[in-house]
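Read off the chains here:
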Amino acid sequence: MNAFAVAAVVLIACADSAAKTPASVSTASHTMRLQQVGDRFQNPVYVTSPPGDSRLFVVEQAGRIRVVKNGVASPMPFLDITSRVKSGGEQGLLSVAFHPNYRINGFFYVDYTNKHGDTRIERFKVSANPDIADSASSSLILKIDQPYGNHNGGLVMFGPDGMLYIGMGDGGSGGDPKENGQNRNALLGKILRINVTRTDPYSIPAANPFANAAEGKPEVWATGIRNPWRFAFDRTAGLMYIADVGQGEIEEVDVVQSSRAGVNYGWNIMEGDACYHPSSGCNKAGLELPVLTYKHIANACSITGGFVYRGRRVPSIIGHYFYADYCAGWIHSFKYENGAATDRREWTIPDIGHIVSFGEDSSGELYVVSESGKIWFFAAAT
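Rules and cut-offs
- Residues numbered from 1 in each chain as written.
- Predicted model: local features only at pLDDT ≥ 70, side-chain atom pairs only at ≥ 80, totals over all residues.
- Heavy atoms only, no water.
- Helix = DSSP H or I, 4+ residues; strand = E, 2+ residues; numbered from the N terminus.
- Rg over C-alpha atoms; globule rule 2.2 N^0.38 Å.
- Buried < 20%, exposed > 50% of the residue type's maximum accessible area, 1.4 Å probe, protein only.
- Areas by Shrake-Rupley, 256 points an atom, 1.4 Å probe, with all protein chains shown as cover.
- Lys, Arg positive; Asp, Glu negative; His and termini not counted.
- Charge placed at Lys NZ, Arg CZ, Asp CG, Glu CD.
- Disulfide = S-S within 2.5 Å.
- 1 Å grid on protein atoms, 1.4 Å probe; cavity = no way out; pocket = protein on both sides within 12 Å on 5 of 7 lines; lining within 4 Å.
- Points joined across faces, edges and corners; volume = space filled by probe spheres on them.
- Nonpolar A, V, L, I, M, F, W, Y, C, P; charged D, E, K, R; others polar.
- Salt bridge = Lys/Arg side-chain N within 4 Å of Asp/Glu carboxyl O.

Colleague: Could you give an account of the overall build of the chain, with specific residues and numbers?
Modeller: Looking only at helices and strands, the chain features one helix and 29 strands. Taken over C-alpha atoms, the radius of gyration comes to 20 Å for the chain, in line with the 21 Å a tight globule of 382 residues would show. Its C-alpha atoms give the chain principal-axis dimensions of about 65 × 50 × 35 Å. The buried share among the 382 residues of the chain stands at 57%. Surface exposure of the chain reaches about 15200 Å², of which carbon and sulfur atoms provide 49%. Between the averaged position of the 34 positive side-chain charges in the chain and that of its 37 negative side-chain charges there is a distance of 5 Å.

Colleague: Explain the state of the cysteines to me, and be specific about the residues and the numbers.
Modeller: The final tally for this structure, using the stated rule, is two disulfides. At a sulfur-sulfur separation of 2.0 Å, the disulfide partner of Cys275 is Cys282. Disulfide Cys275 to Cys282: torsion about the S-S bond roughly -50°, handedness left-handed. On the accessibility criterion, Cys282 (25% relative accessible area) is partly exposed. The disulfide partner of Cys301 is Cys327, and the S-S distance across this bridge is 1.9 Å. Its S-S torsion of approximately 75° makes the covalent link between Cys301 and Cys327 right-handed.

Colleague: Talk me through empty space enclosed by the protein; I want residue IDs and the actual numbers.
Modeller: Empty space left among the atoms is revealed by rolling a probe the size of a water molecule over them. Tallied over the full model, the rule gives one cavity of 30 Å³ or more. Approximately 40 Å³ is the volume found for the largest cavity. Arg226, Asp244, Val245, Gly246, Ile250, Glu252, Trp267, Met270, Glu271 and Gly272 together form the lining of the largest cavity. Secondary-structure elements contributing two or more residues to the lining of the largest cavity are strand E18 (250-257) and strand E20 (270-271). Residue composition of the lining of the largest cavity, grouped by class: four nonpolar, two polar and four charged.

Colleague: Please give an account of the side chain of Glu360 that cites residues and values.
Modeller: Following the sequence through the fold, Glu360 ends up in strand E27 (residues 355-360). It turns out Glu360 is buried and unbridged, and the closest side chain with the opposite charge, Arg235, is 4.9 Å from it.

Colleague: An account of the environment of Pro278 is requested, with residue identities and associated values reported.
Modeller: Position of Pro278 relative to the elements: it lies in the loop between strand E21 (274-275) and strand E22 (292-295). Through-space distance from the C-alpha of Pro278 to that of Gly262 is 25 Å; in sequence the pair is 16 residues apart.

Colleague: Residues and numbers for the pattern of salt bridges, please.
Modeller: Tallied over the entire structure, the rule returns 14 salt bridges. Two residues, Glu60 and Arg64, come together in a salt bridge whose shortest N-O distance is 2.9 Å. Summarising the burial analysis for this pair, Glu60 and Arg64 share the class buried. The salt bridge partner of Lys143 is Asp118, with a shortest N-O separation of 3.5 Å.

Shown next, in the form of structure tokens:
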């Protein structure tokens, strides 16, 4: 029996009609397919792998992590913390990150919403059974109070520098009423960066912009973020991609060198590349504007950020950053070259349900996570 489910859908690429200039449009046609992994999961929200590990780990929103080996999901969860998690809407167990030295120390980190609605970053350790975590090994790394139930961010990921990055939304409601995005003394509305390797629970990396400043939280790496549900690192190019969910009109993708500290992405002065309060004007000085935006037209409503493809299965898409829109159901991609989004493509796909996340395994292969409970991987067309 094939290790992967036989269901597959073909993707056909055409020029992205939203491209800003004809020069940025690809006229070539390419095809690939999405092939289903395993069977069906319960509200999956993320998929990843430990470094150098062929297994997949699927995060289920209710508070479980499932292991997939050779295309088959283990019946016993790798981790089950459903009793601690408040799940529903934008809350729940939202991601997992495996330590770069996971093979040696067995540490992994989760981002979840506790029963009070607050964000907790916790460390766990694998048990003697490599497919089962030690649920009693929980250690609190960071707790962040959430004033509202939305805009929790939700991603933890190790960067190429070995630091743990944490995406934090602005705290919720609408329009950033607490003004967290531009408040350097708040952890909300930020990308955080901490060192979890040498000091328990963590230490502040010296390169953090406010590490030795009189003002500003030392954990802060970047400011002006609305809701970074998903971000990614392209280790080959040394870039960081942030897909920041917009307010009511504009979605955005930001791309910067991953080593750049203290970048201000503009929220809530800006929504995407436009002034959020145009009647009062806005000062764009010192703000990093997105490399790509799109408006809420044709049912678009919320960007789902993905990854840059660096796998081997589909050579024709190497270097493309993939992203989706949760409501519209499409998948788009582009290449980042000379500071701009080029070779923009729109991939025509059948209805696979709301796309809630992308995933990347240890070989650089990409996955699509559907709210329907299905997970698909990118494969070459046959």
